[in-house]
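# Tertiary structure, described
Listed below, chain by chain, are the residues.
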Amino acid sequence: PDYQMAAWAMAVFFQGMSPTETAALTMAMADSGPRLDLSSIPGVKVDKHSTGGVGDTTTLVLGPLVAAADVPVAKLSGRGLGHTGGTIDKLESIPGFRTSLSTGEFIQTVKDIGLAVASPTESLAPADKKLYALRDATATVESLPLIAASILSKKLAGGADAIVFDVKFGLGAFMEDEAEGRALAKLLVESCRQANRRSCALLTSMDQPLGRSIGNTLEVQEAIATLKGEGPGDLRELCLALGGEMLYLADKAVDPGEGKEILAHLLDSGAALEKMVQWFMAQGGDPEVIDDPRLLPQPSTIVQVRASQSGYVTAIDARELALVVMAMGAGRVTKDAPIDPTAGILLKKKIGDYVEPGEVLASLQNNSTIDQGQIQRVIQSFQIGHRLAPKPLILERIPANPNPPA
């Protein structure tokens, strides 16, 4: 009953749970509905999970990149809710792209081209949905064991053999504190070990948006540019690092470093871009958008935000920018609210860049209006001062403990 589960969630919130207990909860939640059986797909199925950030376009780059290395990518992704964007919303900004696939279609697409990304069915880990609703109502969301079990139960129910976690911390992340991010990363990896799944985690900074684009259509364009070798350096760096881990876990590389080298070659040779063309066609999307971004939804309103002083960008409030983009129409307050795929912010300057008065800091766009309050919030999101080097993008790698669970 709800009253018992709510009391139990409160007890966990205050008392915590051991990794063994967390793994037991994870398995029970994963088994609360039918699991997706991917055994008919040859090879090791490696999934990637990000804990949520701003401008996080990694799935759109990683999917075709890793699939080009003959590692099957069978990924279930969600929609955006709150300030973090959702992969499914981004894909649905591509004309014709289908994200609602039957189980048979999903598996067959992976068999045919090595890649499919779809929205999960309601039957996937239904206990997680019920428990999360109770946690939301009882202020027990911020519990590391419950967060870990929620994340991992959906991944196990989705049929993954191995999982790479991108655990973000900072202003634009779900976990703002570095120590809490590290603790979650370690708990996820240990819980995977307890559940007999190979895994690793990268602890990554989200003090500023990843890449230069925030918003659905803009992020699709950035993913395409990255596969063409024209994308931002930080997005390329993170995708190669995460992908290298995926190849290593899939036994396609002797270590993550070799995995990165393999993927860098596939990226530079155009093989990953060709896989993106196959992917879009397989799921009904118009592949012409890859060569002509004008075929994607276009904004009717564009406003440029300019610097009022000279100096170096020392900080960017990623969360505030994401909230502005959401208010401009890119996000949803409720699960079924419509979104404007064109709404977004394109960053012209990032931390460490020098600006002169009048230089453009960012460009805002949508298909309705952009008010003065939103413009002012973007201006205030940039801090300009003396030169300050940005934090490293990847702070730590948390490898799996090779010892079997006790």
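Above: the structure in question.
Heads up: these notes are all about the structure in this document. (Residues numbered from 1 in each chain as written. Predicted model: local features only at pLDDT ≥ 70, side-chain atom pairs only at ≥ 80, totals over all residues. Heavy atoms only, no water.)

Position of S191 relative to the elements: it lies in helix α8 (residues 178-194). Among all residues touching S191, those that are not within four sequence positions of it are P19, T22, A23 and L152. (Helix = DSSP H or I, 4+ residues; strand = E, 2+ residues; numbered from the N terminus. Contact = heavy atoms within 4.5 Å.)

As a rule of thumb, non-glycine residues mostly have phi less than zero, and peptide bonds are mostly trans rather than cis. Located in the positive-phi region is A125, a residue other than glycine, with phi close to 45 degrees. You can see A125 is positioned in the loop between β3 (115-118) and α6 (126-137). At N196, a residue that is not glycine, the phi angle is positive and equals roughly 60 degrees. Looking at where N196 falls in the secondary structure, it is placed in the loop between α8 and β5 (198-205).

Within a beta sheet, neighbouring strands are joined by backbone hydrogen bonds and run either parallel or antiparallel to one another. The sheet built from four strands is open, its strands ordered β1-β4-β5-β13 with mixed pairing. Single-partner strands in this sheet number two, and they are β1 (46-50) and β13 (394-399). In this sheet, adjacent strand axes meet at a mean angle of 15 degrees when their direction is disregarded. For strand β4 (residues 162-169) and β5, the ladder comprises eight bridges, and the chain directions are parallel. Looking across to β5, one finds that K168 is bridged to T204. (Pairing = 2+ DSSP bridges. Axes fitted to C-alpha atoms, helices over the stretch in contact; angles between N-to-C directions.)

Take the environment of V73 next. With respect to the helices and strands, the residue V73 is situated in strand β2 (residues 73-76). For V73, a relative accessible area of 5% puts it in the buried group. In sequence terms V73 and V44 are 29 residues apart; their C-alpha atoms lie 9.3 Å from each other. Not counting chain neighbours up to four residues away, the residues in contact with V73 comprise G63, V66, A67, V110, G114, L115 and A116. (Buried < 20%, exposed > 50% of the residue type's maximum accessible area, 1.4 Å probe, protein only.)

Further remarks concern helix α3 (residues 58-67). Within α3, 10 of the 10 residues are buried, which leaves it mostly tucked inside the rest of the structure. By the burial criterion, the buried members of α3 are T58, T59, L60, V61, L62, G63, P64, L65, V66 and A67.

Moving on, we come to the state of the cysteines. Across all of its chains, the model carries zero disulfides by this definition. Its sulfur unpaired, C239 is 14 Å from the next cysteine sulfur, which belongs to C200. (Disulfide = S-S within 2.5 Å.)

Two numbers describe how helix α2 (residues 19-30) lies on α8: the axes approach to 9 Å, and their chain directions differ by 70 degrees. Considering their axes alone, α2 and α8 lie roughly perpendicular with respect to each other. In the crossing of α2 with α8, the sense of the turn from one axis to the other is right-handed. Residues P19, T20, T22 and A23 of α2 lie in contact with α8, whose contacting residues are L187, E190, S191 and Q194. Per-class residue counts for the contact of α2 with α8 are three nonpolar, four polar and one charged. (Parallel < 35°, antiparallel > 145°, perpendicular 65-115°, else oblique. Left-handed = near helix turned anticlockwise from the far one by under 90°. Nonpolar A, V, L, I, M, F, W, Y, C, P; charged D, E, K, R; others polar.)

Spatially, the three strands line up as an open sheet ordered β10-β8-β12, and their pairing is antiparallel. A single partner strand is all that each edge strand has here, and the edge strands are β10 (354-355) and β12 (382-385). Examined bridge by bridge, strand β8 (residues 311-316) and β12 share four bridges and lie antiparallel to one another. Counterpart to Y312 in the pairing with β12 is G385. In the packing of helix α14 (residues 372-381) onto the sheet, contacts are made with β8 and β12, and the angle to β12 comes to roughly 40 degrees.

Turning to the pattern of salt bridges, a few remarks are in order. Applying the stated criterion to the full structure yields 22 salt bridges. One salt bridge in this structure joins R35 and D31, with 2.7 Å as the shortest N-O distance. When its relative accessible area of 30% is taken as the criterion, R35 is described as partly exposed. Using a relative accessible area of 48% as the deciding quantity, one classes D31 as partly exposed. Measuring nitrogen to oxygen at the nearest pair gives 3.2 Å for the salt bridge that ties D47 to K75. Remark: K75 occurs in strand β2 and D47 occurs in strand β1; sequence separation between them is 28 residues. Across the pair, exposure class does not vary: D47 and K75 are buried alike. Through salt bridges with shared partners, a single ionic network connects D47, K75 and K155. (Salt bridge = Lys/Arg side-chain N within 4 Å of Asp/Glu carboxyl O.)

Nothing here speaks to function; it is geometry throughout.
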